[in-house]
Amino acid sequence: MTALIVVDVQNDFCPGGRLAVAGGDQIIPVVNALGRRFQTVVLTQDWHPAGHSSFASHHPGRNQFESVTMPYGEQVLWPEHCVQGTRGAEFHPGLDLPHAQAIIRKGYRSGVDSYSGFFEADRMTPTGLGGYLKERGISRIAIVGLATDFCVNWTAQDAVRSGLETFVVEEACRGIDLDGSLARAWSDMTALGVRRFTPQELPM
Ligand code: VGL
Ligand code: ZN
(Lines give C-alpha, C1' and ligand atoms only; values in the text may rest on other atoms or scores of the structure.)
(Ligands and ions follow the chains in the order given, each with its own letter.)
Protein backbone atom coordinates (compact mmCIF):
# COMPACT_ATOMS: atom_id res chain seq x y z
CA MET A 1 0.00 0.00 0.00
CA THR A 2 1.10 3.53 -0.79
CA ALA A 3 0.38 6.56 1.39
CA LEU A 4 0.51 10.25 0.59
CA ILE A 5 2.46 12.31 3.14
CA VAL A 6 1.59 16.02 3.03
CA VAL A 7 4.32 18.01 4.73
CA ASP A 8 3.62 21.30 6.54
CA VAL A 9 1.07 22.97 4.22
CA GLN A 10 0.51 25.62 6.88
CA ASN A 11 -0.28 29.33 6.76
CA ASP A 12 3.15 30.40 7.99
CA PHE A 13 4.84 28.67 5.03
CA CYS A 14 2.53 30.32 2.48
CA PRO A 15 2.62 33.89 1.16
CA GLY A 16 1.65 36.26 3.99
CA GLY A 17 3.03 33.84 6.61
CA ARG A 18 5.99 34.27 8.96
CA LEU A 19 8.30 31.96 7.02
CA ALA A 20 6.69 32.21 3.60
CA VAL A 21 8.01 29.90 0.91
CA ALA A 22 7.78 31.52 -2.54
CA GLY A 23 4.78 30.06 -4.35
CA GLY A 24 3.94 27.87 -1.38
CA ASP A 25 0.21 28.26 -1.95
CA GLN A 26 0.53 27.28 -5.63
CA ILE A 27 0.97 23.65 -4.69
CA ILE A 28 -2.41 23.45 -2.97
CA PRO A 29 -4.58 22.53 -6.01
CA VAL A 30 -1.96 19.96 -7.05
CA VAL A 31 -1.89 18.47 -3.55
CA ASN A 32 -5.68 18.36 -3.35
CA ALA A 33 -5.96 16.60 -6.71
CA LEU A 34 -3.25 14.09 -5.77
CA GLY A 35 -4.93 13.46 -2.43
CA ARG A 36 -8.02 12.14 -4.22
CA ARG A 37 -5.92 9.31 -5.64
CA PHE A 38 -4.86 8.01 -2.22
CA GLN A 39 -6.83 6.15 0.43
CA THR A 40 -4.18 6.77 3.04
CA VAL A 41 -3.21 10.39 3.60
CA VAL A 42 -1.10 11.64 6.50
CA LEU A 43 -0.41 15.30 7.26
CA THR A 44 2.57 16.68 9.13
CA GLN A 45 2.28 19.92 11.06
CA ASP A 46 5.21 22.03 12.29
CA TRP A 47 4.15 22.78 15.86
CA HIS A 48 6.52 24.86 17.97
CA PRO A 49 6.08 26.24 21.47
CA ALA A 50 6.61 30.02 21.80
CA GLY A 51 10.33 30.68 22.34
CA HIS A 52 11.39 27.54 20.43
CA SER A 53 15.17 27.10 20.15
CA SER A 54 15.00 27.16 16.32
CA PHE A 55 13.80 30.78 16.44
CA ALA A 56 16.46 33.45 15.90
CA SER A 57 14.68 35.53 18.58
CA HIS A 58 15.80 32.90 21.11
CA HIS A 59 19.50 33.56 20.29
CA PRO A 60 20.45 37.15 21.19
CA GLY A 61 22.91 38.67 18.71
CA ARG A 62 22.10 36.10 16.01
CA ASN A 63 20.28 36.78 12.77
CA GLN A 64 17.54 34.93 10.99
CA PHE A 65 18.82 32.33 8.48
CA GLU A 66 22.24 32.06 10.21
CA SER A 67 23.28 28.66 11.49
CA VAL A 68 24.30 27.81 15.04
CA THR A 69 25.61 24.60 16.54
CA MET A 70 23.18 22.89 18.87
CA PRO A 71 23.90 19.74 20.95
CA TYR A 72 22.23 17.70 18.15
CA GLY A 73 24.02 19.43 15.24
CA GLU A 74 23.71 22.44 12.93
CA GLN A 75 20.55 24.47 13.27
CA VAL A 76 19.37 27.22 10.94
CA LEU A 77 17.75 30.07 12.90
CA TRP A 78 14.29 30.88 11.61
CA PRO A 79 11.78 33.66 12.08
CA GLU A 80 9.17 32.71 14.66
CA HIS A 81 6.73 30.42 12.86
CA CYS A 82 4.10 27.74 13.41
CA VAL A 83 3.61 28.56 17.07
CA GLN A 84 1.17 26.12 18.69
CA GLY A 85 -2.40 27.33 18.58
CA THR A 86 -1.78 30.31 16.30
CA ARG A 87 -3.34 30.94 12.91
CA GLY A 88 0.08 30.61 11.29
CA ALA A 89 0.32 27.03 12.53
CA GLU A 90 -3.05 26.05 11.05
CA PHE A 91 -3.21 24.19 7.76
CA HIS A 92 -3.80 26.50 4.80
CA PRO A 93 -7.58 26.91 4.42
CA GLY A 94 -7.35 25.84 0.77
CA LEU A 95 -6.04 22.40 1.72
CA ASP A 96 -8.92 20.04 1.01
CA LEU A 97 -8.06 16.57 2.27
CA PRO A 98 -10.98 15.66 4.54
CA HIS A 99 -10.09 11.96 4.32
CA ALA A 100 -6.61 12.47 5.85
CA GLN A 101 -6.35 10.00 8.72
CA ALA A 102 -3.47 11.14 10.87
CA ILE A 103 -1.70 14.36 11.73
CA ILE A 104 1.87 14.10 12.97
CA ARG A 105 2.91 17.19 14.89
CA LYS A 106 6.62 17.85 15.21
CA GLY A 107 9.05 20.34 16.70
CA TYR A 108 6.97 20.62 19.87
CA ARG A 109 9.89 20.21 22.29
CA SER A 110 11.46 23.59 22.96
CA GLY A 111 15.09 22.44 22.77
CA VAL A 112 15.09 20.43 19.56
CA ASP A 113 13.81 21.02 16.03
CA SER A 114 12.20 18.42 13.80
CA TYR A 115 12.26 18.92 10.05
CA SER A 116 11.60 15.27 9.42
CA GLY A 117 8.20 13.72 9.92
CA PHE A 118 9.94 10.58 11.19
CA PHE A 119 12.66 11.69 13.62
CA GLU A 120 13.52 14.82 15.57
CA ALA A 121 16.67 16.70 14.59
CA ASP A 122 18.72 14.55 16.98
CA ARG A 123 18.03 11.87 14.30
CA MET A 124 17.11 9.46 17.11
CA THR A 125 13.81 10.41 18.70
CA PRO A 126 10.95 8.97 16.65
CA THR A 127 7.73 10.89 16.08
CA GLY A 128 5.70 7.70 15.70
CA LEU A 129 5.10 8.09 11.95
CA GLY A 130 7.32 5.13 11.07
CA GLY A 131 5.41 2.85 13.44
CA TYR A 132 2.07 4.18 12.23
CA LEU A 133 2.87 3.42 8.59
CA LYS A 134 4.32 0.02 9.43
CA GLU A 135 1.25 -1.01 11.40
CA ARG A 136 -0.95 0.18 8.56
CA GLY A 137 0.95 -2.02 6.09
CA ILE A 138 2.36 0.91 4.10
CA SER A 139 5.54 0.15 2.18
CA ARG A 140 5.63 3.08 -0.28
CA ILE A 141 5.05 6.77 0.25
CA ALA A 142 4.67 9.79 -2.00
CA ILE A 143 5.73 13.04 -0.33
CA VAL A 144 4.51 16.55 -1.18
CA GLY A 145 4.53 19.89 0.63
CA LEU A 146 6.78 22.57 2.11
CA ALA A 147 9.62 23.15 2.10
CA THR A 148 11.34 20.92 -0.48
CA ASP A 149 14.84 21.53 0.89
CA PHE A 150 14.01 21.25 4.59
CA CYS A 151 11.03 19.28 5.85
CA VAL A 152 10.31 17.40 2.60
CA ASN A 153 14.01 16.58 2.17
CA TRP A 154 14.55 15.33 5.73
CA THR A 155 11.29 13.37 5.69
CA ALA A 156 12.17 11.72 2.38
CA GLN A 157 15.68 10.78 3.51
CA ASP A 158 14.39 9.26 6.75
CA ALA A 159 11.71 7.38 4.82
CA VAL A 160 14.31 5.71 2.59
CA ARG A 161 16.47 4.90 5.61
CA SER A 162 13.38 3.37 7.26
CA GLY A 163 13.04 1.02 4.30
CA LEU A 164 10.11 2.73 2.55
CA GLU A 165 10.04 3.12 -1.20
CA THR A 166 9.92 6.91 -1.47
CA PHE A 167 8.65 9.24 -4.16
CA VAL A 168 8.68 13.04 -4.11
CA VAL A 169 6.32 14.92 -6.41
CA GLU A 170 8.28 18.01 -7.34
CA GLU A 171 5.37 20.07 -8.70
CA ALA A 172 3.60 19.66 -5.38
CA CYS A 173 6.56 21.06 -3.40
CA ARG A 174 8.27 24.44 -3.11
CA GLY A 175 11.68 25.20 -1.58
CA ILE A 176 13.23 27.93 0.57
CA ASP A 177 16.66 27.71 -1.16
CA LEU A 178 19.18 29.06 1.35
CA ASP A 179 22.66 29.16 -0.24
CA GLY A 180 21.95 26.41 -2.75
CA SER A 181 20.04 24.19 -0.34
CA LEU A 182 17.42 23.27 -2.94
CA ALA A 183 19.86 21.77 -5.47
CA ARG A 184 21.75 20.07 -2.63
CA ALA A 185 18.53 18.58 -1.29
CA TRP A 186 17.67 17.07 -4.67
CA SER A 187 21.13 15.59 -5.15
CA ASP A 188 21.15 14.15 -1.61
CA MET A 189 17.65 12.73 -1.97
CA THR A 190 18.21 11.14 -5.36
CA ALA A 191 21.63 9.76 -4.31
CA LEU A 192 19.89 7.99 -1.45
CA GLY A 193 17.25 6.49 -3.71
CA VAL A 194 14.35 8.93 -3.50
CA ARG A 195 12.54 8.99 -6.85
CA ARG A 196 11.35 12.28 -8.31
CA PHE A 197 8.00 12.21 -10.10
CA THR A 198 5.49 14.40 -11.85
CA PRO A 199 1.87 13.90 -10.72
CA GLN A 200 1.16 12.26 -14.11
CA GLU A 201 4.00 9.73 -13.85
CA LEU A 202 3.42 8.79 -10.23
CA PRO A 203 2.79 5.02 -10.19
CA MET A 204 -0.34 5.33 -8.09
C1 VGL B 1 10.37 24.02 7.91
C2 VGL B 1 11.99 25.52 8.48
C3 VGL B 1 11.57 25.49 9.80
C4 VGL B 1 9.72 23.24 6.81
C5 VGL B 1 9.95 23.98 9.22
O6 VGL B 1 8.53 22.86 6.96
O7 VGL B 1 10.40 22.96 5.80
N8 VGL B 1 11.41 24.79 7.55
N9 VGL B 1 10.54 24.72 10.14
ZN1 ZN C 1 9.78 24.89 12.10
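You'll find the structure just up there.
Residues numbered from 1 in each chain as written. Chains lettered and ligands numbered in written order. Predicted model: local features only at pLDDT ≥ 70, side-chain atom pairs only at ≥ 80, totals over all residues. Heavy atoms only, no water.

## Observations concerning the site of ligand 1
Here is step 1: Taken together, Asp8, Phe13, Leu19, Asp46, Trp78, His81, Tyr115, Leu146, Ala147, Phe150 and Cys151 make up all the residues around ligand 1.
Here is step 2: Contact between ligand 1 and Asp46: a nitrogen atom at 3.1 Å from a side-chain N or O atom of the residue.
Here is step 3: Between ligand 1 and His81, the relevant distance is 3.1 Å, taken from a nitrogen atom to a side-chain nitrogen or oxygen of the residue.
Here is step 4: Across the shell around ligand 1, the residue classes break down as eight nonpolar, one polar and two charged. (Near = heavy atom within 4 Å. Polar contact = N/O pair within 3.5 Å; in protein donor to acceptor, adjacent residues only side chain to side chain. Nonpolar A, V, L, I, M, F, W, Y, C, P; charged D, E, K, R; others polar.)

## As for the coordination of the zinc ion (ligand 2)
Here is step 1: Here the zinc ion (ligand 2) is held by Asp46 (OD), His48 (NE2) and His81 (NE2), and the distances to it run 2.0 to 2.2 Å.
Here is step 2: Viewed at the metal, the four donor atoms of the zinc ion (ligand 2) are separated by angles of 87 to 170°, and the geometry they form is irregular.
Here is step 3: Each donor residue of the zinc ion (ligand 2) belongs to the same chain, and together they define the spacing D-x1-H-x32-H. You can see His48 sitting in the loop between β2 (40-46) and β3 (67-70) and its partner His81 sitting in the loop between β4 (73-76) and β5 (102-106), a full 33 residues away along the chain. As far as the burial class goes, His48 and His81 line up, both buried. (Donors = N, O, S within 2.8 Å, 3.2 Å for Na, K, Ca; no water. Tetrahedral: all angles 85-135°; square planar, octahedral: opposite > 155°, others 65-115°. Helix = DSSP H or I, 4+ residues; strand = E, 2+ residues; numbered from the N terminus. Buried < 20%, exposed > 50% of the residue type's maximum accessible area, 1.4 Å probe, protein only.)

## Some thoughts on the nonpolar core
Here is step 1: In this structure, Val6, Leu133, Ile141 and Val168 are the most contacted members of the largest nonpolar core, which totals 56 residues.
Here is step 2: When sequence neighbours within four positions are dropped, the list of residues in contact with Leu133 reads Ala3, Ile5, Val42, Phe118, Ile138, Ile141 and Leu164.
Here is step 3: Counting residues in hydrophobic clusters, the runner-up holds seven residues, among them Ala56, Val68, Val112 and Ala121. (Core = buried A, V, L, I, M, F, W, Y, C linked by side-chain atoms within 4.5 Å. Contact = heavy atoms within 4.5 Å.)

## Topic: the pattern of salt bridges
Here is step 1: For the structure shown, the criterion picks out seven salt bridges.
Here is step 2: Here Asp46 and Lys106 are joined by a salt bridge, their closest N and O atoms 3.1 Å apart. Placement of Asp46 in strand β2 and of Lys106 in strand β5 is noted, with a sequence separation of 60 residues between them.
Here is step 3: Take Lys106: its relative accessible area is 1%, and that puts it in the buried class.
Here is step 4: A salt bridge links Glu66 to Arg62; its shortest N-O distance comes to 3.2 Å.
Here is step 5: According to the relative accessible area criterion, Glu66 is partly exposed, its value standing at 24%.
Here is step 6: The structure contains a network of salt bridges with shared partners spanning Asp8, Asp46 and Lys106. (Salt bridge = Lys/Arg side-chain N within 4 Å of Asp/Glu carboxyl O.)

## What to know about the packing of aromatic side chains
Here is step 1: Under the counting rule described, the total for this entry stands at six aromatic pairs.
Here is step 2: For the ring pair Tyr115 and Trp154, a centre distance of 5.0 Å and an interplane angle of 80° mean the geometry is edge-to-face. With Tyr115 in the loop between β5 and α2 (129-135) and Trp154 in helix α3 (residues 148-161), this pair connects stretches of sequence that are 39 residues apart.
Here is step 3: The exposure class of Tyr115 is buried, given its relative accessible area of 9%.
Here is step 4: Where Phe167 meets Phe197, the ring centres are 4.9 Å apart and the plane angle is 75°; that geometry is what we call edge-to-face. Here Phe197 lies in strand β8 (residues 195-197) and Phe167 lies in strand β7 (residues 165-174), a separation of 30 residues in the sequence. When sorted by exposure, Phe167 lands in the same class as Phe197, which is buried.
Here is step 5: Through successive ring pairs, a cluster of aromatic residues spans Phe65, Trp78, Tyr115, Phe150 and Trp154.
Here is step 6: Seen from the ring of Trp47, Arg105 lies directly overhead, with NZ or CZ sitting 3.7 Å from the centre.
Here is step 7: The aromatic ring of Trp186 is capped on one face by Arg196, whose charged end is 4.0 Å from the ring centroid. (Phe/Tyr/Trp six-rings, centres within 6.5 Å; stacked < 30°, edge-to-face > 60°. Lys NZ or Arg CZ within 6 Å of the ring centre and 35° of its normal.)

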